[in-house]
Amino acid sequence: MTGDLVEALEADAGPGPGRDGFAGVAGRARARARRGRRSRAVAWAAAACVVLGGAAIVLPSWDRGEEPQVTRTLTRAPTVFAEDLTGTVVDRTRGVASVAPAQASVLCSVRSEANPWAASSDGGSLPVRSVCTAAWAGDAPMLAVDPARTHLTAYVGEKSAVITVEWALRNRADAPLALDAGGVLTSLTTESTAVTTDREYDQDRFAGGSLWASNTQRYASLSGDSRPVTVEPGEYLQGSTRFTGTAPEPGAPRDAVWDIATGAAWPTLGVQIRVQPFGLSGATELFLEAETSTERLAPGVSADTLVADLTPRAPGESRDGAQAALLCKVPPELRPEPGGAFPYAAGEVTCRAGWLPDAVVVDQSSLALTAGEIAPVVGWGVVSRAEGALTVSGWSLLIESGSLADGTAPLLRLGSAVVTTATAWDPDGHRTALLDNATMEIDVDPGEAITGYDSLFPAMLTDGQPIDVDAVAMAIASGGAATAQVEVPFLDDARRVLILETPLAGPLASPSASP
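What you are looking at is a predicted structure, and each value in this text was computed from that prediction instead of being measured.

The rules behind each value
Residues numbered from 1 in each chain as written. Predicted model: local features only at pLDDT ≥ 70, side-chain atom pairs only at ≥ 80, totals over all residues. Heavy atoms only, no water. Buried < 20%, exposed > 50% of the residue type's maximum accessible area, 1.4 Å probe, protein only. Helix = DSSP H or I, 4+ residues; strand = E, 2+ residues; numbered from the N terminus. Pairing = 2+ DSSP bridges. Contact = heavy atoms within 4.5 Å. Polar contact = N/O pair within 3.5 Å; in protein donor to acceptor, adjacent residues only side chain to side chain. Phe/Tyr/Trp six-rings, centres within 6.5 Å; stacked < 30°, edge-to-face > 60°. Lys NZ or Arg CZ within 6 Å of the ring centre and 35° of its normal. 1 Å grid on protein atoms, 1.4 Å probe; cavity = no way out; pocket = protein on both sides within 12 Å on 5 of 7 lines; lining within 4 Å. Points joined across faces, edges and corners; volume = space filled by probe spheres on them. Nonpolar A, V, L, I, M, F, W, Y, C, P; charged D, E, K, R; others polar.

Engineer: I keep staring at the pairing of strand β15 (residues 284-293) and nothing clicks. Help me out?
Structural biologist: Remember that side chains alternate between the two faces of the sheet whenever the strand is regular. By the criterion of burial, β15 is predominantly enclosed, with seven of the 10 residues buried. Inspection of the sheet shows strand β14 (residues 268-275) paired to β15 by seven bridges, in the antiparallel sense. Bridging from a neighbouring strand, isoleucine 273 pairs with leucine 288 of β15.

This is the structure we're talking about:
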């Protein structure tokens, strides 16, 4: 932003009891900036004329001999930045509605050197948790949570709970909004209109009583992350947030995530998002707020939900309508680490084979073997039939080229697939799985597919032993050798993992009931 525009905005952004529409403030500020430039343009013979404001497109008219000639002009509303709104801000009081249409917001005052978004920031402790002024901004509602596109799912374990939130904000204004998707605080509050002293929240999420610090102040998080986006009128900004909680010990303070996930409390979902400045960040930051009450959380499915129904499975056994599964102990070196897997590690583990009474993931009937540029490529997929969103931490394709009569053979990496020249069964009736410490956390909705596309090429992850790729490809084509393995984690126990096994039909045969 030029100095002229900054000065013009500051002249109109002074606090006061009244409110002018942000379009009016921005218009006067830009007009003042233009007048200042015109006066200097006289002295600059070569200066070009620059016009700030909405872009106008003039469409040519065609002369058909009719008078008068008409020129049609389409005008696009200018994008709204933080400076356009700060001059419209008035104080907001807890429990008191706005006297005129406006958007709930918070205005944070912070020293420039302490503002993580400012160029002068020393980049110290992040995020900056701040107590900010509750405010109303603009002359109309601008953002709202869309309930139809917002989903909350609760996973409950023995002592832990996880809530995943997929939220969607809709631009209700008539102008594009310049927002910062990196400056978002998602909140689940159990007493959204009460004053709280709970400031224990992460950079981008809060779960607790409320964000009210006093009758006129709100908590906010200045994260320093920045992902500028422009949201057009009627369009959506979407994001997802994962909350974790634990069952409180007797006499300990309540855990909001646990209470919400177990149904002991009903949450209000809030999204607080930073408005981009047109110029450089300084001593103020403006956030818009949108909230919605949530009456129901969808139940999620984790290993905690499934494992109680696990019954033993024998090699070669079949069971219609049931789900083959493995319960595996994970050694410390293969457990996922916060922040990523470094160094990478992989290894075989011995697992207890079992059945779940009902199918959880089923064959998509998409197994296909094609000739790649340097090696055969196999594509496959399974579809979730879980009674709720299924939390998944990984998946892979297992190819067993042999039979039980071939004895045991190690599991090897072939590209990103796992292969063996025998089977994964051992003489004691257990199955072997290949695990690593790389992990992810995604939710798979009922009816949603998990797919793979694996090149059967001895690449970087190959274990260094010779593999007959043609024999592997022939086993896939003959059917009965390929199994999709989907890892389902426990919420509060990284020492175990449940692997769902789904036999895949080859191009020439139907799948066997049990790998």
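Engineer: Can you walk me through helix α6 (residues 469-478) in this structure?
Structural biologist: In an α-helix, one full turn covers 3.6 residues, which means residues spaced three or four apart are oriented alike. Residues of α6 that are buried include every one of Val469, Val472, Ala473, Ala475, Ile476 and Ala477, and no others. On the buried face of α6, the contacting elements are β21 (368-371), β22 (376-384), β24 (394-400), β25 (412-414) and β26 (417-420). The residue sitting at the N-terminus of α6 and contributing the capping side-chain oxygen is aspartate 468; that oxygen lies 3.2 Å from the backbone nitrogen of aspartate 470. Note on α6: the residue one or two positions beyond its end, glycine 479, has a positive phi of about 90 degrees.

Engineer: I tried to follow the environment of alanine 505 on my own but got confused; where do I start?
Structural biologist: Mapped onto the elements, alanine 505 comes out in the segment after β31 (496-503). For the pair alanine 505 and threonine 483, spaced 22 residues apart in sequence, the C-alpha separation works out to 8.9 Å.

Engineer: When you look at the packing of aromatic side chains in this model, what are you seeing that I'm missing?
Structural biologist: Two numbers describe a pair of aromatic rings. These are the distance of the centres and the angle of the planes. Tallying each qualifying case throughout the model produces two aromatic pairs. Ring centres of tryptophan 117 and phenylalanine 287 lie 6.1 Å apart, and the angle between their planes is 50 degrees; this geometry places the pair in the tilted category. Taken as a pair, tryptophan 117 in the loop between β4 (103-109) and β5 (128-137) and phenylalanine 287 in strand β15 lie far apart in primary sequence, 170 residues in all. In terms of burial, tryptophan 117 and phenylalanine 287 fall into one category: buried. In this structure, arginine 274 is placed above the aromatic ring of tryptophan 117, and the distance from its NZ or CZ to the ring centre is 4.1 Å.

Engineer: Even after reading the chapter, I still don't get the layout of surface pockets, so can you show me in this structure?
Structural biologist: To find the voids left in a structure, one rolls a probe of water-molecule size over its atoms. Approximately 580 Å³ is the volume found for the second largest pocket. Around the second largest pocket, the lining is made up of 29 residues, and of these Pro336, Thr439, Glu441, Pro489 and Ala494 lie nearest the centre. If you list the elements that add at least two residues to the lining of the second largest pocket, you get β8 (160-171), β13 (236-246), β27 (431-436), β30 (482-489) and β31. Looking at the lining of the second largest pocket residue by residue, the class counts come to 13 nonpolar, seven polar and nine charged.

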